[in-house]
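Report on the structure
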Amino acid sequence: MRTDQSERDKMLLDPVGRRISCGKERATVRYVGHVSPYEGLWLGVEWDNPERGKHDGSHEGVQYFTCRNPKGGSFVRPQKASFGVDFLTAVYLTYQTNAEEVLNEEIFISSKKLEWFVVEEKRFENLPSVVLNHCDVNGAGVAGEIRKTTPNVQWLDLSGSLLSTWKDVAAITEQLDKLEGLQLSVNRISLTSDPWAHRQAFSNLKLLALNNCDFTWLQILECAPMWPRLEDLSLENNNIRELQRPEGVLQTLKSLNLSCNPLMQESVSRLSSLPRLEWLNLSNTKLSIIQLEDATQATCTDVFPALKNLNLDHNNISEWSMVNELAKLPCLVKLSCRDNKLVSSDGNPKTVNQMIIAKLGHLLYLNNSEISFEERKGAELDYIKMFGEEWLKAGGADQPSTAFTCQHPRYQMLIEKYGAPEEGELKKPEPFALKNQLINITFVFPDDADWEPISKKLPASMVVQKVKGLLHRLLKIPPADLRLTYTSHKVSGTEFPIDSDLKTLHFYSVEDGDQVLVRWS
């Protein structure tokens, strides 16, 4: 079952389009023949890694083949190229040689960790999962043998293989009747002229990973008829820029990972009609805005009607109107929005999170952390205070202006929930007044019962570093060992961190009558 010399000779009869490996590098054969003035047979190859190549397929003015990258091609001798082995040969080599190691290996398909290697007997027919990543699998081998040898495989990893076409992949999967998950990342698989011909080979497939395969979205849609029951599709780090509407395909999809693709942001809305999509990863895609409505859609329906979980980490989002747009998602409960360019007027990242929570009323998790009742209440109250003056100038309780309502769609609802902010809360003290404003603070020591509460009048402009200096003189505890939080007399049961020595008490919204909790290590 190995690719011996006779198999190599057969492949050399029609090698163009086949995949090869040379050491750790992989390539696609684009030419076979003579290269003047050298004797003997040469393979002209296009490397997956263009930095491995030397030219664009030409030599001494003669163009033997073409490459997408001007330095992506090379000529290699056939004897230096491996055309790989068939599926069962790879299974025997991997599981007989490294059985103990492989059977205890953790499988990751897409972002999910699979641990399905517990089998009573280490026999091929009992294997529920097979991992052949970078094992140079080139095809199915003898017809019907896979079904006889590994009939119970449900999860299969063929990442980094030498499979050239979807026909090669289908020849393997059509013999695995129980297959539900397939990892095909780090491959270069050419498109099929008739995807419907391979539909039965993937009829039970629910999870498919095609990360780093250089596909475009249009190519994915062309292949999609092969996957009638697909629920989880991972396309991280491909060549996906413009998204087209998935007409009649991918309608069963629940999870889609488009991370690390340079997306055209105006095309994201074309995914909005996917009826069952619950999880969407758009991290690291260079997005600055998302327009949810699809302008190309003839009829108006709910946008992303089932979307619960959205990842927007590591993007260029800087406009708060983008967060307002997310409020249109009817089922969104989990949002990750780390490492973006959203800023608040005070420059505090924690204020940014508070504003997101206040703007998105149905959100239960932000940046993988559950939003507690107290945290939401505090965020919404602070939001009311933060924009209270602007609200009054825009018309207040009578009728806020359209411009204010567009910028703060939930503000009026929050006013109805908590009441309008008090006049004193809306006034921003002038710098001189702030400097001379004294507030009554009570220091308490929850971890040391020997210390009675201490009340002090301190300037609101006092930096935390000086507050710790004062406590050092009182407690004889080094300032570096002191940890401070505070509780507001307006929001019971919630401790707010004071975590920067260079910020003022006013920055943290510490007010007259609040308690500062002092702990030390």
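Description of the structure in this document. Keep in mind that what you see is a predicted model, and the values were worked out from it rather than measured. (Residues numbered from 1 in each chain as written. Predicted model: local features only at pLDDT ≥ 70, side-chain atom pairs only at ≥ 80, totals over all residues. Heavy atoms only, no water.)

**What about the sheet that holds strand β19 (residues 334-336)?**
Inclusion rule: At least two DSSP bridges between two strands are required for those strands to pair. Each helix corresponds to a stretch of at least 4 residues labelled H or I by DSSP, and each strand to a stretch of at least 2 residues labelled E; elements are numbered beginning at the N terminus.
In space, the 11 strands of this open sheet follow the order β10-β12-β13-β14-β15-β16-β17-β18-β19-β20-β21, with mixed pairing throughout. Either end of the sheet is taken by a strand with one partner, and the two such strands are β10 (129-131) and β21 (369-370). Here three bridges tie strand β18 (residues 309-311) to β19, and the two strands are oriented parallel to one another. In the strand pairing of β19, L310 is matched with L335.

**Overview of the nonpolar core**
Rules: We define the nonpolar core as a collection of buried residues of types Ala, Val, Leu, Ile, Met, Phe, Trp, Tyr and Cys that are connected through side-chain atoms lying within 4.5 Å of one another. Per-residue accessibility, obtained with a 1.4 Å probe over protein chains only, is compared with the maximum for each type, and a residue is labelled buried under 20%, exposed over 50%, and partly exposed between these values. Those domain boundaries reflect an automatic or database domain assignment. Whether two residues are in contact is decided by their heavy atoms: any pair within 4.5 Å suffices.
Counting residues in each nonpolar core, the largest one holds 95 residues, and the members touching the most others are F87, W166, W217, W227 and L250. Elements that contribute at least two residues to this core include exactly α2 (87-97), β10, α5 (166-173), α6 (217-223), α7 (320-326), α8 (349-359), α9 (373-386) and α12 (411-418). Two domains share this core, each providing at least three of its residues, namely domain 2 (85-239) and domain 3 (376-418). Dropping the residues within four chain positions of it, W227 is found in contact with W166, F202, L205, L208, L210, I220 and L250. Core analysis: the second largest hydrophobic core is formed by 26 residues, I439, I441, V467 and I498 among them.

**Points about unusual backbone geometry**
Geometrically, the link from S36 to P37 is a cis peptide bond, its omega value of 10 degrees lying close to zero. Following the sequence through the fold, P37 ends up in the loop between β2 (25-33) and β3 (42-47). A positive phi angle, close to 55 degrees, is found at N367, a residue other than glycine. Relative to the helices and strands, N367 is located in the loop between β20 (365-366) and β21.

**Digging into the pattern of salt bridges**
In a structure, side chains of opposite charge can pair up when their charged atoms sit close to one another. For clarity, the threshold we go by: Criterion for a salt bridge: a side-chain nitrogen of Lys or Arg within 4 Å of a carboxyl oxygen of Asp or Glu.
Within the structure shown, the criterion is met by 18 salt bridges. Across the pair R519 and D447 runs a salt bridge, and its minimum N-O distance is 3.5 Å. Of this pair, R519 sits in strand β26 (residues 515-520) while D447 sits in the loop between β22 (438-444) and β23 (454-459); the two residues are 72 residues apart in sequence, bridging distant segments of the chain. We classify D447 as exposed; its relative accessible area is 58%. When salt bridges that share partners are traced, they join R376, E380, R410 and K417 into one network.

**Quick look at the side chain of Q175**
Our working definition: Under this definition, polar contacts are N or O atom pairs within 3.5 Å; protein pairs additionally need one hydrogen-donor-capable and one acceptor-capable atom, and for neighbouring residues in sequence, both atoms have to be side-chain atoms.
Of note, Q175 is situated in the loop between α5 and β13 (181-183). The class for Q175 is buried, based on a relative accessible area of 6%. Within polar-contact distance, the side chain of Q175 engages the backbone nitrogen of E145 at 3.5 Å. There is a polar contact of 3.1 Å between the side chain of Q175 and the backbone nitrogen of I146.

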